[in-house]
Amino acid sequence: MRLDQLYKSGKPDQTGKPDISFELFPPKTPEAVEKLFETVGRLKRFQPAFFSMTYGAGGTTRDLTLDLCDRLKNKSGVETTCHLNIIGQSKQDLLENLKRLKAMGVYNLLALRGDPPKDQPDFKPASRLEPASRFKPHPDGFHSSVELIEEARKDPWFSIAVTGFPEVHFEAKDRASDIAYLKRKVSAGGCVIITQLFFDNAYFFEFMGHVKKAGITAPVVPGILPILSVSQVRRFADLCKATIPPAVAKELVKYENDDEGAAKYGIELSTRMCGELLRSGVPGLHFYCLNRSVSAEKVLKNLRPA
Ligand SMILES: Cc1cc2nc3c(=O)[nH]c(=O)nc-3n(C[C@H](O)[C@H](O)[C@H](O)COP(=O)(O)OP(=O)(O)OC[C@H]3O[C@@H](n4cnc5c(N)ncnc54)[C@H](O)[C@@H]3O)c2cc1C
């Protein structure tokens, strides 16, 4: 289903069922691609609203992103959302990709600016103390996610999701400017907001207060990362500038060398967080499942006991 239809009411669907989505990324080897589709087969049983496929900022896997979207949509027969960012590409290249997506029947997009790849010569790690954007537009490219949304929106075929940042994006001057930019993305044509991951629902609820106050009416779907290991969660938190709250950090130290224990704790934490989010009325849950199904499956089973 198109994203604009799916989240039309901004609430769980008429059956009270939240719309679940799973985010995947293009694997590095053909063997891993086959494994990915085994994961898709298992996750399909939860009747997800869609699978989404990330789009690399480095350029090397972008064709693969589109090929995998084609396979998801036309071979696996699942609803598919293709991420697109504007890093290092001309407008022409992106327009070609939009044409390819349309030809394969994919209408759902997640429109991003993206972060410059770390191997770019002038890459500087981001920090709140140095908020100036590290993003340099391609000479013939779009200058912002808003420009990409506006372009894609010209063709009513496309239905467009955008990102939101419960803890304020690290390049934003402050909360007010971050929310103002989110409003611009929605006004440009974003019909649903999918959030960055977070490990304390308080961040999400505070964000929702600001979203409502700003008069943004697009539905907001929280992004959930079930913790798989201590090293993984620290890496992701650093990458996404997500806070690991003291209570979570205290638990994690117990599982420094115990991935199984960390994953079990991750399932408990995600189950608790998702339960509370669903009771608050979120229209869906977007799982950053990292091409693995076990933790997301367990969380969903915990949420829907047989
Ligand atoms: C659900 C989700 C999926 C993602 N998938 C991918 C992916 O597939 N590929 C990938 O490379 N990255 C992906 N990312 C990471 C994402 O690109 C980074 O988090 C990035 O730092 C910001 O997101 P964005 O690209 O949507 O940027 P934007 O939302 O366009 O910009 C980030 C922030 O910078 C500020 N800003 C930017 N431009 C302006 C402007 N012109 N004026 C004022 N303020 C501005 C705003 O505060 C804004 O919130 C994903 C993130 C999320 C949350």
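Residues numbered from 1 in each chain as written. Predicted model: local features only at pLDDT ≥ 70, side-chain atom pairs only at ≥ 80, totals over all residues. Heavy atoms only, no water.

(A) How the structure looks around the environment of Thr271. Looking at the element boundaries, Thr271 is found in helix α10 (residues 259-279). When the C-alpha atoms of Thr271 and Lys298 are compared, they prove to be 8.5 Å apart, with 27 residues separating the residues in sequence. In this structure, Thr271 is in contact with Val299, Asn302 and Leu303, ignoring residues within four places of it in sequence. At 3.1 Å, the side chain of Thr271 forms a polar contact with the side chain of Asn302. (Helix = DSSP H or I, 4+ residues; strand = E, 2+ residues; numbered from the N terminus. Contact = heavy atoms within 4.5 Å. Polar contact = N/O pair within 3.5 Å; in protein donor to acceptor, adjacent residues only side chain to side chain.)

(B) How the structure looks around the site of the ligand. Within the structure, the ligand sits among 23 residues, and Gly114, Ser145, Thr163, Asp178 and Lys185 are positioned closest to it. Arg113 has a polar backbone atom sitting 2.9 Å from an oxygen atom of the ligand. Take Gly114: an N or O atom from its main chain is 2.6 Å from an oxygen atom of the ligand. Contact with the protein chains hides 83% of the accessible area of the ligand, taken as 940 Å² for the molecule alone. Contributing elements (two or more residues each) for the shell around the ligand: α6 (175-188) and β6 (190-197). Considering only residue class, the shell around the ligand consists of 9 nonpolar, 9 polar and 5 charged. (Near = heavy atom within 4 Å. Areas by Shrake-Rupley, 256 points an atom, 1.4 Å probe, with all protein chains shown as cover. Nonpolar A, V, L, I, M, F, W, Y, C, P; charged D, E, K, R; others polar.)

(C) Broad picture of the confidence of the model for the protein. When the pLDDT values of the protein are averaged, the result is 92; 91% of them are 70 or greater. Segment residues 128-132: pLDDT under 50, and 8 contacts once partners within four positions in sequence are set aside and those in other chains are kept. (pLDDT = per-residue confidence, 0-100.)

(D) Main features of unusual backbone geometry. Of note, the phi angle at Gln47 is positive, near 45 degrees, even though the residue is not glycine. Inspection of the secondary structure assignment puts Gln47 in the loop between α2 (30-44) and β2 (50-53). Taking the relative accessible area as the measure of exposure, Gln47 reaches 57% and is therefore exposed. In the Ramachandran plot, Val168 falls in the positive-phi region, its phi being about 75 degrees despite a non-glycine side chain. One can find Val168 in the loop between β5 (159-164) and α6. A relative accessible area of 15% places Val168 in the buried class. (Buried < 20%, exposed > 50% of the residue type's maximum accessible area, 1.4 Å probe, protein only.)

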